[in-house]
Amino acid sequence: MAALLRGLRAGRTLRGLASVVAAPTAAKPPCISLGRGFHRAALRLQDESKTDKPPTPSSSSSTIHHEHYQAPSEEQEPAAAAASSQEDSTSEAASEEASGANTSYQEHSGEQDEEYETEEQLQARILTSALEFVPLHGWTMEAIAAGAETLDLSSASTGMFTHGAGDLVLHFVAQCNSQLTEILAEQNNQVQLGQAEPKRTSEFLRDAVETRLRMHIPYIDSWPQAMSILLLPHNIPDSLKHLSTLVDDMWYYAGDRSTDMNWYTKRAALTGIYNTTELVMVQDSSQDYEDTWNFLDNRIQDVVKMAGTAKQVQATGEAVVQGLMGAAFTLKNLAGVNQRR
Amino acid sequence: MQRAAHTALFDWSNVFGSSMIRQCLKCRVPLQLSTRAYGVIPTPRDAEEKDMMDRILRVDHAGEYGANRIYAGQMAVLGRTRTGPLIQHMWDQEKKHLEKFNEILAENRVRPTALLPLWNIAGFVLGASSALLGKEGAMACTVAVEESISEHYNSQIRALMEKDPDRYIELLQVIKEFRDEEMEHHDTGLEHDAESVPGYWLLKNAIQLGCKAAIYVSQRV
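Residues numbered from 1 in each chain as written. Chains lettered and ligands numbered in written order. Predicted model: local features only at pLDDT ≥ 70, side-chain atom pairs only at ≥ 80, totals over all residues. Heavy atoms only, no water.

Enquirer: Explain the overall build of chain B here, please?
Expert: Looking only at helices and strands, one finds seven helices and zero strands in chain B. Secondary structure of chain B in N-to-C order comes out as α-α-α-α-α-α-α. Burial analysis of chain B (221 residues in total) assigns 50% to the buried set. Across chain B, the fraction of contacts at a sequence separation of at least 24, relative to all contacts at a separation of at least 6, is 81%. Just so you have it, chain B exposes about 11,000 Å², and 58% of that area is on carbon and sulfur atoms. (Helix = DSSP H or I, 4+ residues; strand = E, 2+ residues; numbered from the N terminus. Buried < 20%, exposed > 50% of the residue type's maximum accessible area, 1.4 Å probe, protein only. Contact = heavy atoms within 4.5 Å. Areas by Shrake-Rupley, 256 points an atom, 1.4 Å probe, with all protein chains shown as cover.)

Enquirer: Help me understand the packing of helix H9 (residues 165-192) of chain A against helix H12 (residues 236-254) of chain A in this model?
Expert: What describes two packed helices is the angle between their axes and the distance between those same axes. Residues and elements named next belong to chain A. For the pair H9 and H12, interaxial distance at closest approach is 10 Å and the crossing angle is 10°. Comparing the axis directions of H9 and H12 gives the class roughly parallel. Touching Leu170, Val173, Ala174, Asn177, Leu180, Thr181, Leu184, Ala185 and Asn188 of H9 are Asp238, Ser239, His242, Leu246, Asp249, Met250 and Tyr253, all from H12. Residue classes in the contact of H9 with H12 are distributed as nine nonpolar, five polar and two charged. (Axes fitted to C-alpha atoms, helices over the stretch in contact; angles between N-to-C directions. Parallel < 35°, antiparallel > 145°, perpendicular 65-115°, else oblique. Nonpolar A, V, L, I, M, F, W, Y, C, P; charged D, E, K, R; others polar.)

Enquirer: Please explain helix H7 (residues 200-220) of chain B as it appears in this structure.
Expert: Since the α-helix packs 3.6 residues into each turn, any two residues three or four apart lie on the same face. Residues and elements named next belong to chain B. Between the first and last C-alpha of H7 there are 31 Å, a value that for 21 residues agrees with the 30 Å anticipated at 1.5 Å per step. Taken as a whole, H7 has its buried residues at Tyr200, Lys204, Ile207, Gln208, Cys211, Ala214 and Ser218. Looking straight down H7, one finds that the buried residues subtend no more than 120° of arc, so they occupy a single side. Summarising the geometry of H7, the exposed residues directed more than 90 degrees from the buried face are Trp201, Leu202, Leu209, Lys212 and Tyr216. Where the residues of H7 are buried, they touch helix H2 (47-78), helix H4 (116-132), helix H5 (135-163) and helix H6 (169-191). (Expected span 1.5 Å × (residues − 1). Arc of directions from axis to C-beta.)

Enquirer: Can you walk me through empty space enclosed by the protein in this structure?
Expert: A water-sized probe rolled over the atoms picks out the places where empty space is left. Scanning all chains against the criterion turns up six cavities of 30 Å³ or more. Approximately 80 Å³ is the volume found for the second largest cavity. Together, Asp248, Tyr252, Asp256, Arg257, Ser258, Thr259, Trp263 and Arg267 of chain A together with Leu105, Ala106, Arg109 and Val110 of chain B line the second largest cavity. Elements with a minimum of two residues in the lining of the second largest cavity: H12 and helix H13 (261-282) of chain A together with helix H3 (84-108) of chain B. (1 Å grid on protein atoms, 1.4 Å probe; cavity = no way out; pocket = protein on both sides within 12 Å on 5 of 7 lines; lining within 4 Å. Points joined across faces, edges and corners; volume = space filled by probe spheres on them.)

Okay, structure coming up:
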């Protein structure tokens, strides 16, 4: 009950912030190809800034090796990508210069050329670097623009992000989810190799939820803003998708292999636990979020108890039915119905 | 220039729409490689294939679950008569099929259909009520259901063969084996006077219509 009140209080603070967020959302460009135009324009501006300092041929040939390696692992290693991105852009500029004309962009833009970064990868890079500016600007287009500028791209490249700050939040959420999946897979490996003891389900889930929520700590001050951005109608499908894959991953690594209604009830329960704990966390002021972890413990115990109670109810029900059948059979015997004359 | 714009539009919507899914999908791929080297389903190459596989497996699982419940209903009524052992034998084969699909679903992290409780009740009621029409009624129900299921498996086999028979060879083997057993049940039903039930044509078509609707819905929900 107290938990519910705390959750409601947090909800009220969110609603206050939602009105603040709704105002500065960027207007969506009407045409899809405008995004591609921005992508091309951003890279052209980047190329022009690089023409002033042409790199030496030796450095460009060595960096080409880097970008061939970089392409497949880009999404898993945002840090490495940011580091090699500078070399990437300089060697791109070199190869474009060698081919001679800016019009070569238009031929390459539709294909996934190995030497050419896809729009998806560029967006991921910009959003990753924008995360540094979130404590300063909050989850807004300013943070994305600042991020783009650190990559030596024009701040007009924020036009690529049609959902505005929602793209930044969703990128962060996706990043956290894949980090969590890596951690859980690693733990799973350890258990399978016999190097670690398997945890009980409730403990495992508790640790998984805590690990995932701790990833919010660097951004906890602006997290209510992020949560309300995720609740905007055009972001809801994506945020629900991320939430459902997160919960599915957690249950999968906890060992759930059910293929009946339990699949749904378990995931619904864990979604409830995760969401309420997240709400408690944003308004928690205790030392190292102790109150939040206590709340999480209690909620998980609730679910465990409920599951146990459900089993007991089922067993009792079966016993009662058996008793009634026995009584009916006895009565039939007494009445002589069962005899064959 | 126009063609570039066309490809740009296509790629952009393709890439950006599935970028989120692909990010999530990327986390799953290493897991599947680390659990079993030889599964019935090959690791999906992209979100589209995963979606197609999910639908196929979901509806097959729902079908076997429903068939299980139908036989359970029939046994509840006719279990102690002469046809009891025959129905029991067919039920045991369906149980094996369901077990296999449970295994495949768990391994490939496929969501089971949310309508399972509905198929639970509907299957049992269908089995029990057809059995109340007597042994011929139960056999007619079996014939109708098994014919629907065989047709459904055949169309899946055709679809997978069209796409890539080598890639899906294990899944095709499983489906072919199950389809052969369902055809056996169908023939058994015909042998045991299914056609002599009054209103056979009506009963058969009504049940087959219900099966088609169930298949359509289970793929999506």
